[in-house]
Amino acid sequence: MTHWIDTPGALRARLATLPAAIGLDTEFIRERTYWPQLALVQISLGESDDDILLVDPLRPGMCEALAPLLANPDVLKLMHSPSEDLVAFQYACRTLPMPLFDTQAAAALCGLGAGLGYQKLVQAVTGVELAKGETRSDWLRRPLSPAQLEYAADDVRHLHALHRDLQMRLAGNGRAAWLEEDSARQLANAASDDCERWPHLAIRSAQFLDAEGQRRLLRMLRWRDVQARSSDRPRSWILDNELAVTLARQKLDSRLRFDALLDANPKAPRSLRTPLWEALITPLADEAKAPLARGDDRDKKKLRALQEAVAAVAGELQLPEGLLASRKVLEALQDGGGWNGQLAGWRRALLEPRLAPLL
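## Brief notes about the pairing of strand 4 (residues 52-55)
On strand 4, burial covers both faces: Ile52 and Leu54 on one face and Leu53 and Val55 on the other are all buried. Here strand 1 (residues 3-5) pairs with strand 4 via 3 bridges, running parallel. Note on strand 4: the bridge partner recorded for Trp4 is Leu54.

## Topic: the layout of surface pockets
The computed volume of the second largest pocket comes to approximately 670 Å³. In terms of lining residues, the second largest pocket is bounded by 26 residues, among which Thr26, Glu27, Phe28, Tyr151 and Asp155 are the most central. The set of elements that each furnish at least two residues to the lining of the second largest pocket consists of strand 2 (21-29), helix 3 (83-93), helix 5 (118-126) and helix 6 (146-157). Partitioned by chemical class, the residues of the lining of the second largest pocket number 9 nonpolar, 8 polar and 9 charged.

## Points about the sheet that holds strand 5 (residues 76-79)
Judged by pairing direction, the sheet is mixed, and its 6 strands sit side by side in the order 1-4-3-2-5-6 without closing on themselves. Looking at which strands have only one partner, the edges of the open sheet turn out to be strand 1 and strand 6 (100-102). Averaged over all neighbouring strand pairs, the angle between strand axes comes to 30°, with direction disregarded. Where helix 3 meets the sheet, its contacts fall on strand 2, strand 3 (37-44), strand 5 and strand 6, and the angle it forms with strand 2 comes to roughly 85°.

## Considerations on empty space enclosed by the protein
Scanning all chains against the criterion turns up 2 cavities of 30 Å³ or more. Residue lining of the largest cavity: His200, Ala211, Gln214, Arg215, Leu218, Glu287, Ala290, Pro291 and Leu292, and that is the complete set. A class-by-class count of the residues in the lining of the largest cavity yields 5 nonpolar, 2 polar and 2 charged. What the second largest cavity holds in volume is close to 40 Å³. Considering the residues around the second largest cavity, the lining is formed by Gly295, Asp296, Arg298, Lys300, Leu303, Arg327 and Glu331. Those elements that place two or more of their residues in the lining of the second largest cavity are helix 14 (300-317) and helix 16 (327-334). Of the residues assigned to the lining of the second largest cavity, the class counts are 1 nonpolar, 1 polar and 5 charged.

## A closer look at the packing of aromatic side chains
A ring pair, where both rings are aromatic, is described by two values, the distance of the centres and the angle of the planes. Counting across every chain of the model gives 5 aromatic pairs. Measuring from centroid to centroid gives 5.1 Å for Phe258 and Trp277, while their planes differ by 50°, and the two rings are tilted. Residue Phe258 is found in helix 12 (residues 255-263), and its partner Trp277 is found in helix 13 (residues 273-281); the two are separated by 19 residues along the sequence. One exposure class covers both Phe258 and Trp277, and it is buried. The lysine or arginine in question, Arg94, covers the ring of Tyr91, its NZ or CZ lying 5.2 Å from the ring centre.

## Observations concerning unusual backbone geometry
Glycine aside, a negative phi is what most residues show, and trans is what most peptide bonds show. Cis geometry is found at the peptide bond from Met98 to Pro99, where omega equals -5°. Of note, Pro99 is situated in the loop between helix 3 and strand 6. A cis amide bond, omega 0°, links Arg142 with the succeeding residue Pro143. Looking at the secondary structure, you find Pro143 in the loop between helix 5 and helix 6. At Gln318, a position not held by glycine, the phi torsion is positive, near 55°. With respect to the secondary-structure elements, Gln318 resides in the loop between helix 14 and helix 15 (321-324).

## Examining the pattern of salt bridges
Scanning the model with the defined rule gives 24 salt bridges in all. Salt bridges here are not isolated pairs; linked through shared partners, they connect Arg255, Asp259, Asp263, Arg270 and Arg273.

## Quick notes on the nonpolar core
The biggest cluster of nonpolar side chains holds 48 residues, and the ones touching the most others in it are Trp139, Leu166, Leu324, Leu351 and Leu355. Ranked by the residues each element gives to this core, the list is headed by helix 14, at 6 residues.

## Overview of the packing of helix 3 against helix 8 (residues 176-192)
Remark: helix 3 packs on helix 8, axes separated minimally by 9 Å, with the N-to-C direction vectors making an angle of 40°. Between helix 3 and helix 8, the crossing angle belongs to the class labelled oblique. Remark: the crossing between helix 3 and helix 8 carries right-handed chirality. On helix 8, the residues that touch Ser83, Leu86 and Gln90 of helix 3 are Gln186, Leu187, Ala190 and Ala191. Its residues assigned to classes, the contact of helix 3 with helix 8 shows 4 nonpolar, 3 polar and no charged.

## Topic: the pairing of strand 2
Buried residues dominate strand 2, accounting for 8 of its 9 residues. Looking at chain direction, strand 2 and strand 5 are connected through 3 bridges and run parallel. When the sheet's bridge partners are listed, Ala21 is paired in strand 5 with Leu76.

Definitions and cut-offs
Residues numbered from 1 in each chain as written. Predicted model: local features only at pLDDT ≥ 70, side-chain atom pairs only at ≥ 80, totals over all residues. Heavy atoms only, no water. Buried < 20%, exposed > 50% of the residue type's maximum accessible area, 1.4 Å probe, protein only. Helix = DSSP H or I, 4+ residues; strand = E, 2+ residues; numbered from the N terminus. Pairing = 2+ DSSP bridges. 1 Å grid on protein atoms, 1.4 Å probe; cavity = no way out; pocket = protein on both sides within 12 Å on 5 of 7 lines; lining within 4 Å. Points joined across faces, edges and corners; volume = space filled by probe spheres on them. Nonpolar A, V, L, I, M, F, W, Y, C, P; charged D, E, K, R; others polar. Axes fitted to C-alpha atoms, helices over the stretch in contact; angles between N-to-C directions. Contact = heavy atoms within 4.5 Å. Phe/Tyr/Trp six-rings, centres within 6.5 Å; stacked < 30°, edge-to-face > 60°. Lys NZ or Arg CZ within 6 Å of the ring centre and 35° of its normal. Salt bridge = Lys/Arg side-chain N within 4 Å of Asp/Glu carboxyl O. Core = buried A, V, L, I, M, F, W, Y, C linked by side-chain atoms within 4.5 Å. Parallel < 35°, antiparallel > 145°, perpendicular 65-115°, else oblique. Left-handed = near helix turned anticlockwise from the far one by under 90°.

Here it is as structure tokens:
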């Protein structure tokens, strides 16, 4: 049977002797907050049900008791597609689970497919078909239902078997170091806790603004991120994307015009109108360096050549093309973004000889 752990003492007792690797997952809620609310932590110390711990992080002291395990460099953390789980741990426990073995990333490097969900990967590797019935549960309620507890246990029950299989495949194809590099970058990104520097690039309609309008949009989106973080509210609750673009489109040279536009919009953050106005009219120190959001005006022939070169490398390695470089990444490279971020390290070594002549 699995174990429900709701006191720090019980957790420390179960973690007194640690294996070389643990399975790890979380359930969290992020519908009404900026930061994910950690609602449950699942830990598998081994492959039997007796080794599965369902930890209640809502009880006092539990996150502090979890932190030493997460930070223990001698215990490998087996997780599946953990990017949001990492944010939840960083916020709740002030540390990250490291070192990390991402079974989704490992599966892609082994040629099993890009972006495989946990259920599909478990079925492919072990033949076990998992239920999907509790994906939209309220994980903050107590007590959790038997169905919720079983679903939560399933999320870590097979991680050790997946790790064993994938580790053998990585040893065979020589790509274990690639996974370690990607995992380290994923952890570094989660630890940096920085706001997106150029958030306007993620808004599709920004491409229809002129350069000055895009800079105004950037100012408001940077301000919105700070507000959302400090108030722990979703970004859209602070300032809706559509309204931000509307405000950025017009050169509002007077507070009266700005107020009139806000008053005419039902989604406007009226209680924040003064700080929003100040953000709108105050230039940022680095806004002159901001890349412009672009539409379909790139050299399509060159972009297609880059994509074909990536596809050729992916075919030779029997890897998904998107794992090497997505269209978005290639567009950034075409725009002069350089060999950084995802394109650094092993991907650069593979792709630069093919792509550099095309650039």
